[in-house]
Amino acid sequence: MSRNASMQGKVVVITGATSGIGEKAAERLAAMGARLVLVARSKERSEATLRRLSGIAPEAKHRVHYADLSLMAETCRAAREIVAIEPRIDVLINNAGALFSHRRVTSEGLEQTFALNHMSYFGLTEGLRGVLAPDARIVNTASEAHRNARFHLENLQSERYRPFRAYGLSKLCNILFTRELARTFSGTRVTVNCFHPGVVASRFFDNKPGAFGLFFQLVALFAISTEKGAKTLVYLASSEDVTGVTGQYFSRCRIKKPTPEARNDRSAGELWKESARLYASG
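Values in this document were obtained by computation on a predicted structure and should not be read as measured data. (Residues numbered from 1 in each chain as written. Predicted model: local features only at pLDDT ≥ 70, side-chain atom pairs only at ≥ 80, totals over all residues. Heavy atoms only, no water.)

Where two aromatic rings form a pair, the distance of their centres and the angle of their planes describe that pair. One pass over the full model with this rule turns up five aromatic pairs. With centroids separated by 5.9 Å and ring planes inclined at 20°, the aromatic side chains of phenylalanine 177 and tryptophan 272 adopt a geometry described as stacked. Placement of the pair is phenylalanine 177 in helix H5 (residues 163–184) and tryptophan 272 in helix H8 (residues 265–281), with a sequence separation of 95 residues. Take phenylalanine 177 and tryptophan 272: they sit in the same class, and that class is buried. (Phe/Tyr/Trp six-rings, centres within 6.5 Å; stacked < 30°, edge-to-face > 60°. Helix = DSSP H or I, 4+ residues; strand = E, 2+ residues; numbered from the N terminus. Buried < 20%, exposed > 50% of the residue type's maximum accessible area, 1.4 Å probe, protein only.)

Take a look at the structure:
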């Protein structure tokens, strides 16, 4: 049985918390005493989530900052707003993500899967780095979908777009980013880990067109609950068992070895340099 560290008074910044595993994790962490700071796009869903969190912990002043996390400009603006209000962040959870049936390019010129699923992680983390607590935890949502992906620096924008390939690449990027980010915090008590939540029944499966939608409806029949999917996320954010553990990939609350591609430090370094360039130009 895992041992939960006290979350009383802890400040947790989380993306993707208005549905799915993010919402369940936020509720669980609020029940453990944490104050939640959401970064979200939908005002309607955010307000509903805040009402639920306030019902769980009426004394906590949970907040929401609005941003389209597929855009670096909005991600950076949200980070600046948070920094202006929060002097300390104890846990940062990068959880927002999506799989798109067709290739879309953002107004900033990035393929949307890469922009939302990876660059939002990089941009928000860099923007909040200055207010992370000395023993802060960073948790990134990755996926077993990375196992079919290959890293090629020149193909991060998925010019020849295939939905599952682009999604798998973004999840590979999450693991490479976790490894390199952990390296940048070497010598400190800040830890960085990522995890596979499982195939979860959530809004991720909603509104997919045609045969693509039918496939997801079939997959959803075998999906686990959001409560089960959130378990490893809550574990990494709160458990004493992972104090000092960093740079790892987890599944079912245990360290799991990702693919050799995901353990390639050269690829991790190349991804970091390219992400930093895009972050600076965004």
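Let us now look at the pattern of salt bridges. For the structure shown, the criterion picks out 18 salt bridges. The shortest N-O distance in the salt bridge between aspartate 68 and arginine 41 comes to 3.7 Å. Taken together, the residues aspartate 68 in the loop between strand E3 (63–66) and helix H3 (72–85) and arginine 41 in the loop between strand E2 (35–40) and helix H2 (43–56) connect sequence positions 27 residues apart. For aspartate 68, a relative accessible area of 14% puts it in the buried group. By relative accessible area, which is 62% here, arginine 41 ends up exposed. Note that arginine 183 and glutamate 180 form a salt bridge whose closest N and O atoms lie 2.8 Å from each other. (Salt bridge = Lys/Arg side-chain N within 4 Å of Asp/Glu carboxyl O.)

Turning to the sheet that holds strand E5 (residues 132–141), a few remarks are in order. Strand pairing in a sheet relies on backbone hydrogen bonds, with the paired strands running either antiparallel or parallel. Read across the sheet, eight strands follow the order E3-E2-E1-E4-E5-E6-E7-E8 without closing on themselves; strand pairing throughout is mixed. Two strands in the sheet have a free side with no partner beyond their single neighbour: E3 and strand E8 (254–255). Two elements, E2 and E3, share four bridges in a ladder whose sense is parallel. Paired with valine 39 across the two strands is histidine 65, which belongs to E3. Where helix H1 (residues 20–31) meets the sheet, it contacts strand E1 (11–15), E2, strand E4 (89–94), E5 and strand E6 (191–196), and its direction lies at approximately 160° from that of E2. (Pairing = 2+ DSSP bridges. Contact = heavy atoms within 4.5 Å. Axes fitted to C-alpha atoms, helices over the stretch in contact; angles between N-to-C directions.)

Before going further, it helps to spend a moment on the environment of alanine 149. In this fold, alanine 149 is placed in the loop between E5 and H5. In this structure the C-alpha to C-alpha distance between alanine 149 and arginine 165, which are 16 residues apart in sequence, comes to 6.6 Å. Filtering out sequence-adjacent residues up to four positions away, alanine 149 remains in contact with Gly168, Leu169, Leu172 and Glu261.

The next point concerns the side chain of asparagine 95. Structurally, asparagine 95 is set in the loop between E4 and helix H4 (112–128). Among the polar contacts made by the side chain of asparagine 95, one reaches the main-chain carbonyl oxygen of glycine 16 at a distance of 2.9 Å. Side chain to side chain, asparagine 95 and threonine 141 meet in a polar contact 2.8 Å long. In this structure, asparagine 95 is in contact with Thr15, Gly16, Ile21, Gly22, Tyr121 and Thr141, ignoring residues within four places of it in sequence. (Polar contact = N/O pair within 3.5 Å; in protein donor to acceptor, adjacent residues only side chain to side chain.)

Attention now moves to unusual backbone geometry. Look at serine 158: it is not a glycine, yet its phi comes out positive at around 50°. Among the secondary structure elements, serine 158 is positioned in the loop between E5 and H5. Located in the positive-phi region is arginine 252, a residue other than glycine, with phi close to 55°.

We now examine the nonpolar core. Grouped together as the largest cluster of nonpolar side chains are 53 residues, with contacts concentrated most on Val13, Val39, Leu128 and Ile138. Per-element accounting of this core gives the leading share, nine residues, to H5. Discounting residues that sit within four places of it in the chain, isoleucine 138 has contacts with Leu92, Asn94, Thr125, Leu132, Leu181, Phe185, Val190, Thr191, Val192 and Asn193. Within the second largest apolar cluster, 30 residues are counted, among which are Ala25, Ala230, Val234 and Val242. (Core = buried A, V, L, I, M, F, W, Y, C linked by side-chain atoms within 4.5 Å.)

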